[in-house]
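Below are the chains, spelled out letter by letter.
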Amino acid sequence: MGDKATGRGGERAKSRFVAGLLLSVLLMSLAGWFGCSRDVEQSLDRAVEAWDSGNYKLAAEEYERYLEKDPASDKSAEARFQLANIYYFKLQRYDQARSHYAMFLERNHSHANAQLARERLAEVLGEMGRAYEAIAEYENLNPQEADERRRIRLRIADLYFRQRNYSQALTEYEKVIEKVAYDGLSEQAYLREASIYHIERGQYQQAVPVYQMLASASGDAEVRVRALFG
């Protein structure tokens, strides 16, 4: 009986030891998890502080660290969008901006900033010289307001102009000016049309009515002088 009691006591002691060991491991894991969680949040806080202080390089590093540690958090979409904006506007690191805008759109296609992210992706691609990829992104935009649609068409036209695809550029500029009153958008389109006809193609007869429109309708004295000189 003594041997059996001793055996049972040993088993109980062993069970308590194992249970204690498991509890210690669990507590250590929880401590590690909470520590990691705090560190992740601190990365986000440091990113915001660096942005506010104008240290954009550090802000980008902290946003990268945050997204690496917690890419699926409820704050990751805003963090990635902000990171892309830093690379684009503040650091002019267009390839990194392109990558993060594209990833943002892939993971957050219904986000409130999705349209803006797509437009900025198109702008970045244009800055990188990838004009036709930029045009494709612009074409995926579907703004509801007529002036917004015209503004996007003007961007597309300018990209064709930069590629010396003047026929397509003229087609797009016409979409900006047709059936609307003269305004700032149409002025830019007319200026480009005049440049194509006059400078790029030497088609002076086609350039004359465009210059006349600019000279008579523009409220900008410098534009009027340029048009009259042209």
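Up top you'll find the structure we're talking about.
1. Re the environment of Ile196
Then, in step 1: By the secondary structure assignment, Ile196 is in helix H9 (residues 184-200).
Then, in step 2: By relative accessible area, Ile196 is classed as buried at 0%.
Then, in step 3: Each C-alpha atom of the pair Ile196 and Leu170 lies 8.2 Å from the other, and the pair is 26 residues apart in sequence.
Then, in step 4: If near-sequence neighbours (up to four positions away) are discounted, Ile196 is found in contact with Phe161, Tyr166, Ala169, Leu170, Tyr173 and Arg201.

2. A closer look at the nonpolar core
Then, in step 1: Core analysis: the largest hydrophobic core is formed by 57 residues, its most contacted members being Tyr63, Tyr101, Tyr138, Tyr173 and Ile196.
Then, in step 2: Considering every element that reaches this core, the biggest residue donor is helix H3 (residues 76-90), with 8 residues.
Then, in step 3: The contacts of Tyr101, once residues within four sequence positions are left out, are Phe81, Ala84, Asn85, Tyr88, Phe89, Ala117, Arg120, Leu121 and Val124.

3. Some details on the environment of Arg155
Then, in step 1: Its place among the elements puts Arg155 in helix H7 (residues 146-162).
Then, in step 2: With 17 residues separating them in the primary sequence, Arg155 and Tyr138 have C-alpha atoms 8.1 Å apart.
Then, in step 3: Looking at Arg155, its side chain comes within polar contact range of the side chain of Glu119, at 3.3 Å.

4. Describing the packing of aromatic side chains
Then, in step 1: Under the definition given, this model contains 9 aromatic pairs.
Then, in step 2: Taking 4.2 Å as the distance between ring centres and 35° as the angle between the ring planes, the aromatic pair formed by Tyr88 and Phe89 counts as tilted.
Then, in step 3: Given a relative accessible area of 9%, Tyr88 falls into the buried group.
Then, in step 4: What makes Phe89 partly exposed here is its relative accessible area of 40%.
Then, in step 5: Here the aromatic rings of Tyr132 and Tyr160 are separated by 6.0 Å at their centres, their planes lie at 65°, and the arrangement is edge-to-face. In this pair, Tyr132 sits in helix H6 (residues 131-140) while Tyr160 sits in helix H7, placing the two residues 28 residues apart along the sequence.

5. Overview of helix H5 (residues 114-127)
Then, in step 1: When the terminal C-alpha atoms of H5 are compared, their 20 Å separation across 14 residues agrees well with the 20 Å that a helix rising 1.5 Å per residue should span.
Then, in step 2: H5 sits mainly inside the fold: 10 of its 14 residues count as buried.
Then, in step 3: When we look at burial in H5, the residues that qualify are Ala114, Ala117, Glu119, Arg120, Leu121, Ala122, Glu123, Val124, Leu125 and Gly126.
Then, in step 4: Against H3, helix H4 (94-107), H6 and H7 lie the buried residues of H5.

6. Some details on unusual backbone geometry
Then, in step 1: If you check the backbone angles, Gln92 has positive phi at about 50° while not being a glycine.
Then, in step 2: Residue placement: Gln92 occurs in the loop between H3 and H4.
Then, in step 3: The phi angle at Lys179 is positive, at roughly 60°, despite the residue not being glycine.
Then, in step 4: Looking at where Lys179 falls in the secondary structure, it is placed in the loop between helix H8 (166-177) and H9.
Then, in step 5: A relative accessible area of 86% means that Lys179 is categorised as exposed.

What counts and how
Residues numbered from 1 in each chain as written. Predicted model: local features only at pLDDT ≥ 70, side-chain atom pairs only at ≥ 80, totals over all residues. Heavy atoms only, no water. Helix = DSSP H or I, 4+ residues; strand = E, 2+ residues; numbered from the N terminus. Buried < 20%, exposed > 50% of the residue type's maximum accessible area, 1.4 Å probe, protein only. Contact = heavy atoms within 4.5 Å. Core = buried A, V, L, I, M, F, W, Y, C linked by side-chain atoms within 4.5 Å. Polar contact = N/O pair within 3.5 Å; in protein donor to acceptor, adjacent residues only side chain to side chain. Phe/Tyr/Trp six-rings, centres within 6.5 Å; stacked < 30°, edge-to-face > 60°. Expected span 1.5 Å × (residues − 1).

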